[in-house]
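Chain residues, written in single-letter form:
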Amino acid sequence: MNRQIAAYVVLAVLLALLPFMGVYPIFAMKVMCYALFACAFNLLLGFTGLLSFGHAAFLGAAAYATGHALKVWGLPTEAGLLFGVAVAALLGLAVGILAIRRSGIYFAMITLAMSQMVFFFFLQAHFTGGEDGLQNVPRGHLFGFIDLRQDINLYYLVFGLFVIGFAIIWRAINSPFGQVLKALRENEPRAISLGYDVDRFKLLAFVLSAALAGLAGSAKTLVFVSATLSDATWQMSGLVILMTLIGGMGTFLGPVIGAFIVVLLENKVGDFGQAMATWTGVDWFRQLGESVTIVIGLIFVICVMAFRRGIAGELQALLQKRRAPRGTTAA
């Protein structure tokens, strides 16, 4: 456990130093927003065993709530972030109360249906801006004096939010509450026979996951100074599933790795295609920038076939195999 915490601290320090290593702050902030979103989703799927097809509803709801609070109501940035998280948590409570009554594919379909209802509400509501969305959302000042219009200041705010969200998930899983969630994932009837109120635990996990997804959505609004319908589409719900499965379901760093890969492909696959076309002389590679979805799908197929546990899951399994002979010999 101490080694694990030390590794996370080292990774956090490296993440904090990225702007000084020449990494574009907006790109790094986008990765952290999506990574937090994927970690929140992984809390539900990887550690509780509940597959939600509508998690984008919480991301989009918090994004619109924060954008409206900052642009129209003129609330401070801190209040806008908290308002977005609160809206996502309340929406998660409403959806969770209905969804946890079913399991398996029926649970997934209920979340998808509710998410589509939320999407069409955002499409038709006057305060969301319809298809144009909320634009020019002011970033404001943190604590009244830190100007968030400067990307470097906003970077460390988003970094802090990501660390807080990741720490909440880590602490929740490494607690008696998290052990019950794992028991539900492995064998729900046995958990019921032990006297646990499984519906209550599922609802708590669902609301916590929705709130953290909302935190990611609120941070994303500050980064891109906008909230659009793309944050609440079913494609976004599918994208977070891809991030989690590619990185490694049921691992802490897997969703972070998956989010980094997906965002990197979305932003750099066109540059890679141009480089390949120049190097090989094949003009077809120049079209890769217009085929990001195909490339992501291809990588997903490769990961499913070659890395059944995801990238982080396979690395963990490899380390466990290397440590096993030592433990056996010592015994």
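Cut-offs used in this document
Residues numbered from 1 in each chain as written. Predicted model: local features only at pLDDT ≥ 70, side-chain atom pairs only at ≥ 80, totals over all residues. Heavy atoms only, no water. Helix = DSSP H or I, 4+ residues; strand = E, 2+ residues; numbered from the N terminus. Rg over C-alpha atoms; globule rule 2.2 N^0.38 Å. Buried < 20%, exposed > 50% of the residue type's maximum accessible area, 1.4 Å probe, protein only. Contact = heavy atoms within 4.5 Å. Areas by Shrake-Rupley, 256 points an atom, 1.4 Å probe, with all protein chains shown as cover. Lys, Arg positive; Asp, Glu negative; His and termini not counted. Charge placed at Lys NZ, Arg CZ, Asp CG, Glu CD. Core = buried A, V, L, I, M, F, W, Y, C linked by side-chain atoms within 4.5 Å. Salt bridge = Lys/Arg side-chain N within 4 Å of Asp/Glu carboxyl O. 1 Å grid on protein atoms, 1.4 Å probe; cavity = no way out; pocket = protein on both sides within 12 Å on 5 of 7 lines; lining within 4 Å. Points joined across faces, edges and corners; volume = space filled by probe spheres on them. Phe/Tyr/Trp six-rings, centres within 6.5 Å; stacked < 30°, edge-to-face > 60°. Lys NZ or Arg CZ within 6 Å of the ring centre and 35° of its normal. Axes fitted to C-alpha atoms, helices over the stretch in contact; angles between N-to-C directions. Parallel < 35°, antiparallel > 145°, perpendicular 65-115°, else oblique. Left-handed = near helix turned anticlockwise from the far one by under 90°. Nonpolar A, V, L, I, M, F, W, Y, C, P; charged D, E, K, R; others polar. Disulfide = S-S within 2.5 Å.

From N to C terminus, the protein chain includes 13 helices and four strands. Rg of the C-alpha trace for the protein chain: 21 Å, near the compact-globule value of 20 Å for 331 residues, within the 12% margin. If you line up the protein chain on its principal axes, its C-alpha atoms span 60 × 55 × 40 Å. Burial statistics for the protein chain: of 331 residues in total, 48% are counted as buried. Sequence-distant contacts, at least 24 apart, represent 75% of the contacts inside the protein chain between residues at least 6 apart. Carbon together with sulfur atoms contributes 66% to the accessible area of the protein chain, which is approximately 16,600 Å² in total. Averaged over its 22 positive side-chain charges, the protein chain has a centre that lies 13 Å from the centre of its 15 negative ones.

Met 29, Met 32, Phe 58, Leu 154, Leu 157 and Phe 252 are the most contacted members of the largest nonpolar core, which totals 98 residues. Top contributing element to this core by residue count: helix 2 (residues 25-45), with 18 residues. Once residues within four sequence positions are removed from consideration, Met 29 is found in contact with Asp 151, Leu 154, Tyr 155, Val 158 and Val 223.

Now for the pattern of salt bridges. Proximity of charged atoms lets side chains of opposite charge pair with each other. Within this structure, the stated rule accounts for seven salt bridges. Among the ionic pairs, Lys 30 bridges to Glu 266, the shortest N-O distance being 3.5 Å. Linking Lys 30 in helix 2 with Glu 266 in helix 11 (residues 254-280), this pair joins segments that are 236 residues apart in sequence. Exposure remark for Glu 266: the relative accessible area of 32% places this residue in the partly exposed category. A salt bridge links Arg 139 to Asp 151, with the shortest nitrogen-to-oxygen separation between them at 2.9 Å.

Along the chain, Phe 177 turns up in helix 7 (residues 176-186). Through-space distance from the C-alpha of Phe 177 to that of Phe 201 is 7.9 Å; in sequence the pair is 24 residues apart.

As a further point, take empty space enclosed by the protein. Summed over the entire model, instances satisfying the criterion amount to three cavities of 30 Å³ or more. Approximately 40 Å³ is the volume attributed to the largest cavity. Every residue lining the largest cavity is listed: Ser 52, Gly 54, Ala 57, Phe 58, Val 95, Thr 111, Met 114, Ser 115, Val 118 and Phe 206. Listed by contribution, the elements that provide at least two residues to the lining of the largest cavity are helix 3 (56-71) and helix 5 (105-124). Broken down by element, the residue count for the lining of the largest cavity peaks at four residues, all from helix 5.

Inspection of every chain in the model, using the stated rule, returns 15 aromatic pairs. Ring geometry for Tyr 196 against Phe 201: centres 5.9 Å apart, planes inclined by 85 degrees, an arrangement best described as edge-to-face. Given a relative accessible area of 11%, Phe 201 falls into the buried group. Through a chain of ring-to-ring contacts, three or more aromatic side chains come together here, namely Tyr 8, Phe 47, Phe 162, Phe 166 and Phe 252. Cation over ring: Arg 200 sits above Phe 201, and NZ or CZ is 5.1 Å from the ring centre.

The interhelical angle for the contact between helix 2 and helix 6 (residues 151-173), taken along N-to-C directions, is 15 degrees, at an axis separation of 10 Å. Considered as vectors, helix 2 and helix 6 are oriented roughly parallel to each other. Crossing handedness for the pair helix 2 and helix 6: left-handed. For the pair formed by helix 2 and helix 6, the contact residues are Pro 25, Ile 26, Ala 28, Met 29, Met 32, Cys 33, Ala 35, Leu 36, Cys 39, Ala 40 and Leu 43 on the first element and Asp 151, Leu 154, Tyr 155, Val 158, Phe 159, Leu 161, Phe 162, Gly 165, Phe 166, Ile 169 and Ile 173 on the second. Across the contact of helix 2 with helix 6, the residue classes tally to 20 nonpolar, one polar and one charged.

What follows concerns the environment of Gly 217. Looking at the element boundaries, Gly 217 is found in helix 9 (residues 198-224). Between the C-alpha atoms of Gly 217 and Leu 59, which are 158 residues apart in sequence, the distance is 4.4 Å. Those residues in contact with Gly 217 that lie beyond four places of it in its chain are Leu 59 and Ala 63.

Okay, the state of the cysteines next. By definition, a disulfide is the covalent link that joins the sulfur atoms of two cysteine residues. Within the structure shown, the criterion is met by zero disulfides. Here Cys 33 is not disulfide-linked; the sulfur of Cys 39 is the nearest cysteine sulfur, at 12 Å.

The next thing to look at is unusual backbone geometry. In the Ramachandran plot, Phe 143 falls in the positive-phi region, its phi being about 60 degrees despite a non-glycine side chain. In this structure, Phe 143 sits in the loop between strand 2 (141-142) and strand 3 (146-147). With relative accessibility at 58%, the residue Phe 143 sits in the exposed group. Here Val 225, not a glycine, exhibits a phi torsion of approximately 45 degrees, which is positive. Checked against the element boundaries, Val 225 lands in the loop between helix 9 and strand 4 (226-227). Judged by relative accessible area, Val 225 falls into the partly exposed class, the value being 27%.

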